[in-house]
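Descriptive analysis of the structure
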2 protein chains.
Amino acid sequence: MAAPSPSYTIGTLARAAQVNVETIRYYQRRGLLPQPEAVGGGYRTYSETELARLRAIKRAQHLGFSLEEIETLLSLNEETDRVKARTLAQDKVSLIDARIAQLQEMRNALAELVDCCRHGDTAAPCPILRALSA
Amino acid sequence: MAAPSPSYTIGTLARAAQVNVETIRYYQRRGLLPQPEAVGGGYRTYSETELARLRAIKRAQHLGFSLEEIETLLSLNEETDRVKARTLAQDKVSLIDARIAQLQEMRNALAELVDCCRHGDTAAPCPILRALSA
DNA sequence: GTTGACTCCGTACTTGAGTACGGTGTTTAG
DNA sequence: CTAAACACCGTACTCAAGTACGGAGTCAAC
(Lines give C-alpha, C1' and ligand atoms only; values in the text may rest on other atoms or scores of the structure.)
Protein backbone atom coordinates (compact mmCIF):
# COMPACT_ATOMS: atom_id res chain seq x y z
CA MET A 1 0.00 0.00 0.00
CA ALA A 2 0.97 3.60 -0.43
CA ALA A 3 1.89 5.49 2.70
CA PRO A 4 -1.30 6.94 4.16
CA SER A 5 -1.34 10.55 3.07
CA PRO A 6 -1.03 12.73 6.13
CA SER A 7 -3.97 14.91 6.98
CA TYR A 8 -3.49 18.56 7.71
CA THR A 9 -5.25 21.11 9.79
CA ILE A 10 -5.56 24.52 8.20
CA GLY A 11 -2.51 25.66 10.11
CA THR A 12 -0.20 22.82 9.10
CA LEU A 13 -1.48 23.07 5.55
CA ALA A 14 -0.63 26.74 5.54
CA ARG A 15 2.87 26.06 6.78
CA ALA A 16 3.37 23.27 4.26
CA ALA A 17 2.32 25.52 1.39
CA GLN A 18 4.12 28.54 2.80
CA VAL A 19 1.05 30.68 2.85
CA ASN A 20 -0.90 32.46 5.51
CA VAL A 21 -3.88 30.71 7.10
CA GLU A 22 -5.97 33.68 6.12
CA THR A 23 -4.96 33.22 2.53
CA ILE A 24 -6.38 29.73 2.55
CA ARG A 25 -9.63 30.97 3.99
CA TYR A 26 -9.68 33.69 1.39
CA TYR A 27 -9.24 31.17 -1.43
CA GLN A 28 -12.03 29.10 0.03
CA ARG A 29 -14.30 32.09 0.15
CA ARG A 30 -13.47 32.73 -3.50
CA GLY A 31 -14.23 29.13 -4.32
CA LEU A 32 -10.70 28.55 -5.53
CA LEU A 33 -9.98 25.91 -2.94
CA PRO A 34 -12.56 23.40 -1.66
CA GLN A 35 -13.65 23.68 1.92
CA PRO A 36 -13.83 20.15 3.31
CA GLU A 37 -16.65 19.21 5.63
CA ALA A 38 -15.90 19.84 9.26
CA VAL A 39 -15.93 16.71 11.37
CA GLY A 40 -15.97 16.07 15.10
CA GLY A 41 -15.36 19.27 16.94
CA GLY A 42 -15.89 21.49 13.93
CA TYR A 43 -12.34 21.42 12.63
CA ARG A 44 -11.71 20.72 8.96
CA THR A 45 -8.97 18.42 7.73
CA TYR A 46 -7.02 18.68 4.52
CA SER A 47 -5.04 16.26 2.38
CA GLU A 48 -2.26 16.29 -0.20
CA THR A 49 -4.87 17.17 -2.77
CA GLU A 50 -5.46 20.58 -1.29
CA LEU A 51 -1.77 21.08 -0.72
CA ALA A 52 -1.02 20.38 -4.36
CA ARG A 53 -3.72 22.75 -5.49
CA LEU A 54 -2.52 25.45 -3.16
CA ARG A 55 1.02 25.12 -4.48
CA ALA A 56 -0.22 25.19 -8.05
CA ILE A 57 -2.11 28.39 -7.36
CA LYS A 58 0.98 30.05 -5.95
CA ARG A 59 3.11 28.97 -8.90
CA ALA A 60 0.60 30.16 -11.44
CA GLN A 61 0.41 33.43 -9.62
CA HIS A 62 4.13 33.89 -9.85
CA LEU A 63 3.79 33.32 -13.54
CA GLY A 64 1.58 36.37 -13.68
CA PHE A 65 -1.89 34.86 -13.71
CA SER A 66 -4.68 36.40 -11.70
CA LEU A 67 -6.74 34.31 -9.33
CA GLU A 68 -9.59 34.53 -11.77
CA GLU A 69 -7.46 33.17 -14.60
CA ILE A 70 -6.13 30.48 -12.33
CA GLU A 71 -9.64 29.48 -11.51
CA THR A 72 -10.51 28.90 -15.14
CA LEU A 73 -7.18 27.21 -15.77
CA LEU A 74 -7.67 24.75 -12.94
CA SER A 75 -11.26 24.14 -13.86
CA LEU A 76 -10.40 23.25 -17.45
CA ASN A 77 -10.02 19.67 -16.32
CA GLU A 78 -13.38 19.42 -14.71
CA GLU A 79 -14.97 21.06 -17.71
CA THR A 80 -17.33 18.49 -19.11
CA ASP A 81 -17.88 20.37 -22.32
CA ARG A 82 -14.81 19.00 -24.05
CA VAL A 83 -15.03 21.37 -26.97
CA LYS A 84 -15.19 24.40 -24.74
CA ALA A 85 -12.31 23.15 -22.63
CA ARG A 86 -10.20 22.64 -25.70
CA THR A 87 -10.89 26.08 -27.07
CA LEU A 88 -10.09 27.71 -23.76
CA ALA A 89 -6.90 25.74 -23.41
CA GLN A 90 -5.85 26.58 -26.93
CA ASP A 91 -6.43 30.26 -26.32
CA LYS A 92 -4.30 30.08 -23.22
CA VAL A 93 -1.57 28.28 -25.12
CA SER A 94 -1.21 31.07 -27.66
CA LEU A 95 -1.39 33.65 -24.92
CA ILE A 96 1.38 31.93 -23.05
CA ASP A 97 3.42 31.58 -26.21
CA ALA A 98 3.24 35.32 -26.71
CA ARG A 99 4.24 35.90 -23.14
CA ILE A 100 7.19 33.58 -23.45
CA ALA A 101 8.35 35.33 -26.60
CA GLN A 102 8.25 38.70 -24.90
CA LEU A 103 10.02 37.43 -21.84
CA GLN A 104 12.68 36.03 -24.10
CA GLU A 105 13.17 39.40 -25.76
CA MET A 106 13.41 41.00 -22.40
CA ARG A 107 15.85 38.40 -21.23
CA ASN A 108 18.05 39.02 -24.23
CA ALA A 109 17.85 42.74 -23.75
CA LEU A 110 18.99 42.36 -20.19
CA ALA A 111 21.76 39.99 -21.17
CA GLU A 112 22.86 42.55 -23.72
CA LEU A 113 22.86 45.18 -21.05
CA VAL A 114 25.07 42.99 -18.91
CA ASP A 115 27.39 42.77 -21.88
CA CYS A 116 27.42 46.48 -22.58
CA CYS A 117 28.36 47.06 -19.00
CA ARG A 118 31.17 44.63 -19.25
CA HIS A 119 32.52 46.47 -22.28
CA GLY A 120 31.97 49.89 -20.82
CA ASP A 121 29.71 50.84 -23.70
CA THR A 122 28.00 53.78 -22.13
CA ALA A 123 26.25 55.56 -24.94
CA ALA A 124 24.07 52.73 -26.29
CA PRO A 125 20.31 53.30 -26.26
CA CYS A 126 18.41 51.46 -23.53
CA PRO A 127 18.15 47.87 -24.73
CA ILE A 128 15.38 47.18 -22.26
CA LEU A 129 13.22 49.92 -23.65
CA ARG A 130 14.03 48.59 -27.09
CA ALA A 131 13.02 45.08 -26.13
CA LEU A 132 9.79 46.28 -24.66
CA SER A 133 8.83 48.44 -27.59
CA ALA A 134 8.54 45.47 -29.94
CA MET B 1 16.30 65.10 -41.68
CA ALA B 2 14.01 62.90 -39.66
CA ALA B 3 10.36 63.85 -39.54
CA PRO B 4 9.82 66.17 -36.61
CA SER B 5 8.43 64.02 -33.82
CA PRO B 6 4.90 65.06 -33.03
CA SER B 7 4.22 66.52 -29.65
CA TYR B 8 1.38 65.24 -27.53
CA THR B 9 -0.85 66.66 -24.88
CA ILE B 10 -1.56 64.35 -22.02
CA GLY B 11 -4.84 63.38 -23.65
CA THR B 12 -3.41 62.48 -27.04
CA LEU B 13 -0.55 60.68 -25.36
CA ALA B 14 -3.01 58.67 -23.35
CA ARG B 15 -4.94 57.72 -26.45
CA ALA B 16 -1.75 56.81 -28.32
CA ALA B 17 -0.62 54.54 -25.51
CA GLN B 18 -4.11 53.19 -24.86
CA VAL B 19 -4.10 54.18 -21.25
CA ASN B 20 -6.18 56.47 -19.12
CA VAL B 21 -5.06 60.06 -18.60
CA GLU B 22 -5.21 59.43 -14.90
CA THR B 23 -2.86 56.52 -15.26
CA ILE B 24 -0.26 58.82 -16.76
CA ARG B 25 -0.64 61.25 -13.90
CA TYR B 26 -0.37 58.36 -11.49
CA TYR B 27 2.87 57.19 -13.07
CA GLN B 28 4.21 60.71 -12.87
CA ARG B 29 3.35 60.93 -9.22
CA ARG B 30 5.16 57.65 -8.71
CA GLY B 31 8.16 59.00 -10.58
CA LEU B 32 7.88 56.30 -13.20
CA LEU B 33 7.30 58.74 -16.00
CA PRO B 34 8.92 62.17 -16.22
CA GLN B 35 6.69 65.19 -15.91
CA PRO B 36 7.81 67.70 -18.53
CA GLU B 37 7.90 71.37 -17.66
CA ALA B 38 4.68 73.15 -18.39
CA VAL B 39 5.03 75.89 -20.95
CA GLY B 40 2.79 78.78 -22.00
CA GLY B 41 -0.60 78.41 -20.44
CA GLY B 42 0.44 75.70 -18.04
CA TYR B 43 -0.09 72.73 -20.33
CA ARG B 44 2.63 70.10 -20.58
CA THR B 45 3.70 68.56 -23.84
CA TYR B 46 5.01 65.08 -24.45
CA SER B 47 7.10 63.43 -27.13
CA GLU B 48 7.76 59.98 -28.57
CA THR B 49 10.13 59.40 -25.69
CA GLU B 50 7.35 59.38 -23.16
CA LEU B 51 5.13 57.36 -25.45
CA ALA B 52 7.80 54.69 -25.81
CA ARG B 53 8.33 54.56 -22.09
CA LEU B 54 4.64 54.32 -21.43
CA ARG B 55 4.29 51.44 -23.86
CA ALA B 56 7.28 49.69 -22.33
CA ILE B 57 5.72 49.98 -18.90
CA LYS B 58 2.49 48.43 -20.11
CA ARG B 59 4.30 45.58 -21.81
CA ALA B 60 6.45 44.84 -18.81
CA GLN B 61 3.34 44.86 -16.70
CA HIS B 62 1.68 42.29 -18.87
CA LEU B 63 4.75 40.17 -18.41
CA GLY B 64 4.01 40.15 -14.72
CA PHE B 65 6.34 42.82 -13.39
CA SER B 66 5.18 45.24 -10.75
CA LEU B 67 5.58 48.96 -11.20
CA GLU B 68 8.34 48.88 -8.66
CA GLU B 69 10.23 46.22 -10.57
CA ILE B 70 9.67 48.10 -13.79
CA GLU B 71 11.10 51.17 -12.22
CA THR B 72 14.34 49.42 -11.39
CA LEU B 73 14.40 47.70 -14.75
CA LEU B 74 14.05 50.93 -16.64
CA SER B 75 16.53 52.68 -14.44
CA LEU B 76 19.20 50.06 -15.00
CA ASN B 77 20.36 52.08 -17.97
CA GLU B 78 20.75 55.29 -16.12
CA GLU B 79 22.54 53.50 -13.35
CA THR B 80 26.00 54.95 -13.21
CA ASP B 81 27.34 52.29 -10.94
CA ARG B 82 28.11 49.82 -13.71
CA VAL B 83 28.84 46.95 -11.38
CA LYS B 84 25.58 47.35 -9.56
CA ALA B 85 23.66 47.62 -12.79
CA ARG B 86 25.23 44.46 -14.08
CA THR B 87 24.46 42.51 -10.96
CA LEU B 88 20.87 43.65 -10.97
CA ALA B 89 20.47 42.82 -14.63
CA GLN B 90 22.01 39.41 -14.15
CA ASP B 91 19.66 38.64 -11.28
CA LYS B 92 16.72 39.59 -13.44
CA VAL B 93 18.00 37.41 -16.25
CA SER B 94 17.98 34.29 -14.12
CA LEU B 95 14.64 35.21 -12.67
CA ILE B 96 13.21 35.60 -16.13
CA ASP B 97 14.78 32.35 -17.25
CA ALA B 98 13.02 30.55 -14.45
CA ARG B 99 9.77 32.18 -15.35
CA ILE B 100 10.14 31.21 -18.97
CA ALA B 101 10.85 27.61 -18.01
CA GLN B 102 7.72 27.43 -15.90
CA LEU B 103 5.59 29.06 -18.55
CA GLN B 104 6.90 26.51 -20.99
CA GLU B 105 5.86 23.68 -18.71
CA MET B 106 2.48 25.21 -18.35
CA ARG B 107 2.21 25.69 -22.06
CA ASN B 108 3.01 22.03 -22.64
CA ALA B 109 0.56 20.95 -20.01
CA LEU B 110 -2.16 22.93 -21.70
CA ALA B 111 -1.21 21.61 -25.09
CA GLU B 112 -1.42 18.12 -23.66
CA LEU B 113 -4.82 18.91 -22.29
CA VAL B 114 -5.92 20.00 -25.72
CA ASP B 115 -4.69 16.65 -26.98
CA CYS B 116 -6.41 14.62 -24.30
CA CYS B 117 -9.63 16.35 -25.18
CA ARG B 118 -9.17 15.48 -28.80
CA HIS B 119 -8.73 11.83 -27.90
CA GLY B 120 -11.54 11.78 -25.39
CA ASP B 121 -9.19 10.69 -22.65
CA THR B 122 -11.30 11.58 -19.69
CA ALA B 123 -9.67 9.90 -16.74
CA ALA B 124 -6.17 11.37 -16.96
CA PRO B 125 -4.99 13.39 -13.96
CA CYS B 126 -5.01 17.15 -14.42
CA PRO B 127 -1.92 17.95 -16.51
CA ILE B 128 -2.09 21.57 -15.48
CA LEU B 129 -1.87 20.75 -11.83
CA ARG B 130 0.96 18.39 -12.69
CA ALA B 131 2.82 21.08 -14.59
CA LEU B 132 2.42 23.51 -11.77
CA SER B 133 3.56 21.13 -9.10
CA ALA B 134 7.07 20.87 -10.51
C1' DG C 1 -16.36 86.23 -27.52
C1' DT C 2 -18.53 82.39 -25.94
C1' DT C 3 -19.06 77.38 -25.71
C1' DG C 4 -17.22 72.82 -25.56
C1' DA C 5 -13.33 70.04 -25.09
C1' DC C 6 -9.33 69.74 -22.79
C1' DT C 7 -5.63 70.56 -18.93
C1' DC C 8 -4.17 70.93 -14.09
C1' DC C 9 -4.29 69.53 -9.41
C1' DG C 10 -5.89 67.63 -5.20
C1' DT C 11 -8.57 64.45 -3.03
C1' DA C 12 -11.43 60.45 -2.80
C1' DC C 13 -13.20 56.09 -4.37
C1' DT C 14 -12.54 51.13 -6.33
C1' DT C 15 -10.72 46.50 -7.14
C1' DG C 16 -7.76 42.53 -6.39
C1' DA C 17 -5.32 40.09 -3.19
C1' DG C 18 -4.54 39.42 0.80
C1' DT C 19 -3.87 40.40 6.43
C1' DA C 20 -5.33 41.41 10.90
C1' DC C 21 -8.51 41.21 14.78
C1' DG C 22 -11.60 39.55 18.17
C1' DG C 23 -14.68 36.57 20.25
C1' DT C 24 -15.77 31.82 20.97
C1' DG C 25 -15.10 26.92 20.84
C1' DT C 26 -11.52 22.80 20.64
C1' DT C 27 -7.42 20.11 21.33
C1' DT C 28 -3.35 18.77 23.39
C1' DA C 29 0.80 18.79 26.50
C1' DG C 30 2.17 19.18 30.95
C1' DC D 1 -7.62 19.53 34.64
C1' DT D 2 -6.17 23.47 32.92
C1' DA D 3 -3.36 26.73 30.06
C1' DA D 4 -1.45 27.51 25.54
C1' DA D 5 -2.01 26.89 20.99
C1' DC D 6 -4.97 26.38 17.51
C1' DA D 7 -9.57 26.41 14.62
C1' DC D 8 -13.87 28.85 13.23
C1' DC D 9 -16.18 32.87 11.54
C1' DG D 10 -17.30 37.54 10.53
C1' DT D 11 -15.78 41.94 9.88
C1' DA D 12 -12.40 45.35 9.09
C1' DC D 13 -8.02 47.02 7.59
C1' DT D 14 -3.97 47.37 4.12
C1' DC D 15 -1.40 47.89 -0.16
C1' DA D 16 -0.82 48.30 -5.15
C1' DA D 17 -2.61 50.04 -9.11
C1' DG D 18 -5.49 52.50 -10.89
C1' DT D 19 -10.19 55.56 -11.67
C1' DA D 20 -13.28 59.09 -10.77
C1' DC D 21 -14.58 63.75 -9.39
C1' DG D 22 -14.75 68.61 -8.98
C1' DG D 23 -13.27 73.16 -9.43
C1' DA D 24 -10.48 76.39 -11.91
C1' DG D 25 -7.94 77.76 -15.87
C1' DT D 26 -6.90 77.30 -21.24
C1' DC D 27 -7.42 76.60 -26.13
C1' DA D 28 -9.69 76.36 -30.59
C1' DA D 29 -13.69 76.65 -33.53
C1' DC D 30 -17.56 78.78 -34.85
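Nothing here was measured: the structure is a model prediction, and the numbers come from that model.

Rules used in this analysis
Residues numbered from 1 in each chain as written. Chains lettered and ligands numbered in written order. Predicted model: local features only at pLDDT ≥ 70, side-chain atom pairs only at ≥ 80, totals over all residues. Heavy atoms only, no water. Helix = DSSP H or I, 4+ residues; strand = E, 2+ residues; numbered from the N terminus. Buried < 20%, exposed > 50% of the residue type's maximum accessible area, 1.4 Å probe, protein only. Contact = heavy atoms within 4.5 Å. Areas by Shrake-Rupley, 256 points an atom, 1.4 Å probe, with all protein chains shown as cover. Arc of directions from axis to C-beta. Polar contact = N/O pair within 3.5 Å; in protein donor to acceptor, adjacent residues only side chain to side chain. Near = heavy atom within 4 Å. Nonpolar A, V, L, I, M, F, W, Y, C, P; charged D, E, K, R; others polar.

**Details of the overall build of chain A**
Within chain A, the secondary structure is distributed over six helices and two strands. Order of helices (α) and strands (β) in chain A, N terminus to C terminus: α-α-β-β-α-α-α-α. Expressed as a percentage of its 134 residues, the buried residues of chain A come to 37%. Put simply, 49% of the contacts in chain A that link residues at least 6 apart link residues at least 24 apart. For chain A, the exposed surface amounts to about 7,500 Å²; the carbon and sulfur share of it is 52%.

**Section: the side chain of Arg99 of chain A**
Here Arg99 of chain A lies in helix H5 (residues 82–119). Aside from chain neighbours lying at most four places away, what touches Arg99 of chain A is Leu63, Gly64, Phe65 and Glu69 of chain A together with His62, Leu63 and Leu103 of chain B.

**Some points on helix H2 (residues 21–30) of chain A**
Residue and element names in this part refer to chain A. Residues of H2 that are buried: Ile24, Tyr27 and Gln28. Relative to the axis of H2, the buried residues are bounded by an arc of 100° and lie together on one face. Contacts made by the buried residues of H2 are with helix H1 (10–17), helix H3 (48–62) and helix H4 (67–75). The opening residue of H2, the one whose side-chain oxygen lies 2.9 Å from the backbone nitrogen of Glu22, is Asn20. Phi turns positive, to about 80°, at Gly31, one or two residues after H2.

**Considering the protein's contact with DNA strand D**
The immediate surroundings of DNA strand D are formed by 20 residues, with Thr9 and Arg44 of chain A together with Arg30, Tyr43 and Gln61 of chain B found nearest. Of what DNA strand D places within 4 Å of the protein, 71% of the atoms are sugar or phosphate. Contact between DNA strand D and Arg30 of chain B: a phosphate oxygen at 2.6 Å from a side-chain N or O atom of the residue. Sorting the residues of the surface near DNA strand D by element identifies H1 and strand S2 (43–44) of chain A together with helix H2 (21–30) and helix H3 (48–62) of chain B as the ones contributing at least two each. Broken down by class, the residue content of the surface near DNA strand D amounts to six nonpolar, nine polar and five charged.

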